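# Structural description and commentary
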Amino acid sequence: MKIRVLLSALYDSDGEPPHYQTRLHCGKGEFDVNRVDTTHRLENLRFQMRRVDAIHGPPIQAFIITSDDEHQSENVPEHDRRMEYITGFTGSQGEAVVTETKAALWIDGRYFLQADRELDCNWQLMRAGLPNVSNMTKWLKDTLKPGSRVGADARIIANYVWETWREELGNAFYNPSSSV
């Protein structure tokens, strides 16, 4: 019975998964005081995305933040939890994307409820594996205009992931080492 109640929070009255923007306590005038307010963090990141000297090239329109660290550790040290800092989400796995106007976090089924409770309303929660939820690269291609540039910190992305993104995003993927 409890499992059914918990799962029902993820589905609408027709038994269908809700649109990814359906979020707990994100209605007009609602705010959960236990969530980290990421408004200023997002504003600061977006400012850095526009600064030519910060990225060593033309502005980028999206930035990817993963839950990884430079050593690909299973347990990321607190000082390397970049995704947790920018999103407020404390789960151990996920991928976040910040664009000029949107912020989205992809998580798997282990974290659906936790992420919904921890993310503030600046974030779209992308419940990976559910119908009608795009993966990160498809969402980026659908969201960004042609000619847009996508950045990521190459020090913390595994090479196979980096190459997959480069292949899936094509010319939009920004490689900072090519312009330094």
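Residues numbered from 1 in each chain as written. Predicted model: local features only at pLDDT ≥ 70, side-chain atom pairs only at ≥ 80, totals over all residues. Heavy atoms only, no water.

Let us now look at the packing of helix 6 (residues 136-143) against helix 7 (residues 159-169). Direction vectors running N to C along helix 6 and helix 7 enclose 35°, while the axes themselves pass 10 Å from each other. Read as a crossing pair, helix 6 and helix 7 show a hand that is right-handed. Across from Met 136, Thr 137, Leu 140 and Lys 141 in helix 6, the residues of helix 7 making contact are Trp 165, Glu 168 and Leu 169. Tallied by class, residues from the contact of helix 6 with helix 7 come to four nonpolar, one polar and two charged. (Axes fitted to C-alpha atoms, helices over the stretch in contact; angles between N-to-C directions. Helix = DSSP H or I, 4+ residues; strand = E, 2+ residues; numbered from the N terminus. Left-handed = near helix turned anticlockwise from the far one by under 90°. Contact = heavy atoms within 4.5 Å. Nonpolar A, V, L, I, M, F, W, Y, C, P; charged D, E, K, R; others polar.)

As a further point, take the pattern of salt bridges. Using the criterion set out here, one finds five salt bridges in the structure. The closest approach of N and O atoms between Arg 155 and Asp 153, which form a salt bridge, is 2.6 Å. The exposure class assigned to Asp 153 is buried, which follows from its relative accessible area of 16%. The partner of Arg 166 in a salt bridge is Glu 163, and the shortest N-O contact between them spans 3.6 Å. With Arg 166 and Glu 163 both in helix 7, this residue pair falls three residues apart, about one helical turn. (Salt bridge = Lys/Arg side-chain N within 4 Å of Asp/Glu carboxyl O. Buried < 20%, exposed > 50% of the residue type's maximum accessible area, 1.4 Å probe, protein only.)

What the five strands build is an open sheet, ordered 4-3-2-1-5; its pairing is mixed. Each having just a single partner strand, strand 4 (124-127) and strand 5 (150-152) make up the two edges of the open sheet. Strand-to-strand twist of the sheet, defined as the mean angle between neighbouring strand axes without regard to direction, takes the value 20°. Of the strand pairs in this sheet, strand 3 (residues 103-107) and strand 4 are connected by four bridges, and their pairing is parallel. (Pairing = 2+ DSSP bridges.)

Let us look at unusual backbone geometry. The phi dihedral of Asn 132 falls on the positive side, at around 65°, and the residue is not glycine. Mapped onto the elements, Asn 132 comes out in the loop between strand 4 and helix 6. On the basis of relative accessibility, which here comes to 80%, the residue Asn 132 falls in the exposed class.

Next up on the list: the side chain of Thr 66. Within the secondary structure layout, Thr 66 lies in strand 1 (residues 62-66). A relative accessible area of 3% means that Thr 66 is categorised as buried. Not counting residues within four places of it along the chain, the set of residues in contact with Thr 66 comprises Met 83, Gly 94, Glu 95, Ile 156, Ile 157 and Trp 165.

Core analysis: the largest hydrophobic core is formed by 41 residues, its most contacted members being Trp 123 and Leu 140. When residues of this core are assigned to their parent elements, the largest contribution, five residues, is made by strand 3. What Trp 123 contacts, discounting residues up to four positions off in sequence, is Arg 23, Thr 38, Leu 42, Ile 86, Thr 87, Ala 96, Val 97, Val 98, Ala 103, Ala 104 and Leu 105. (Core = buried A, V, L, I, M, F, W, Y, C linked by side-chain atoms within 4.5 Å.)

Turning our eyes to something else, we now look at the confidence of the model for the protein. Summarising the model, the protein shows a mean pLDDT of 77, and 70% of its residues fall at 70 or more. For the stretch residues 1-21, pLDDT sits under 50, and the model shows 21 contacts to residues farther than four places along the chain or on other chains. (pLDDT = per-residue confidence, 0-100.)

The complete set of buried residues in helix 7 reads Val 161, Trp 162, Trp 165 and Leu 169. Seen end-on, helix 7 carries its buried residues on one side only, within an arc spanning 100°. For helix 7, the exposed residues set more than 90 degrees away from the buried face come down to Asn 159, Tyr 160 and Glu 167. Positioned one or two residues after helix 7, Gly 170 has a phi angle of 65°, which is positive. (Arc of directions from axis to C-beta.)

A complete count under the given rule lists two aromatic pairs for this structure. On the basis of an interplanar angle of 85° and a centroid distance of 5.5 Å, the ring pair of Phe 89 and Tyr 111 is categorised as edge-to-face. Of the two residues, Phe 89 sits in the loop between helix 4 (82-87) and strand 2 (95-99) while Tyr 111 sits in the loop between strand 3 and helix 5 (112-118), which places them 22 residues apart along the sequence. Each member of the pair, Phe 89 together with Tyr 111, is buried. Above the plane of the ring of Tyr 85 lies Arg 41, whose end atom (NZ or CZ) is 4.1 Å from the centre. (Phe/Tyr/Trp six-rings, centres within 6.5 Å; stacked < 30°, edge-to-face > 60°. Lys NZ or Arg CZ within 6 Å of the ring centre and 35° of its normal.)

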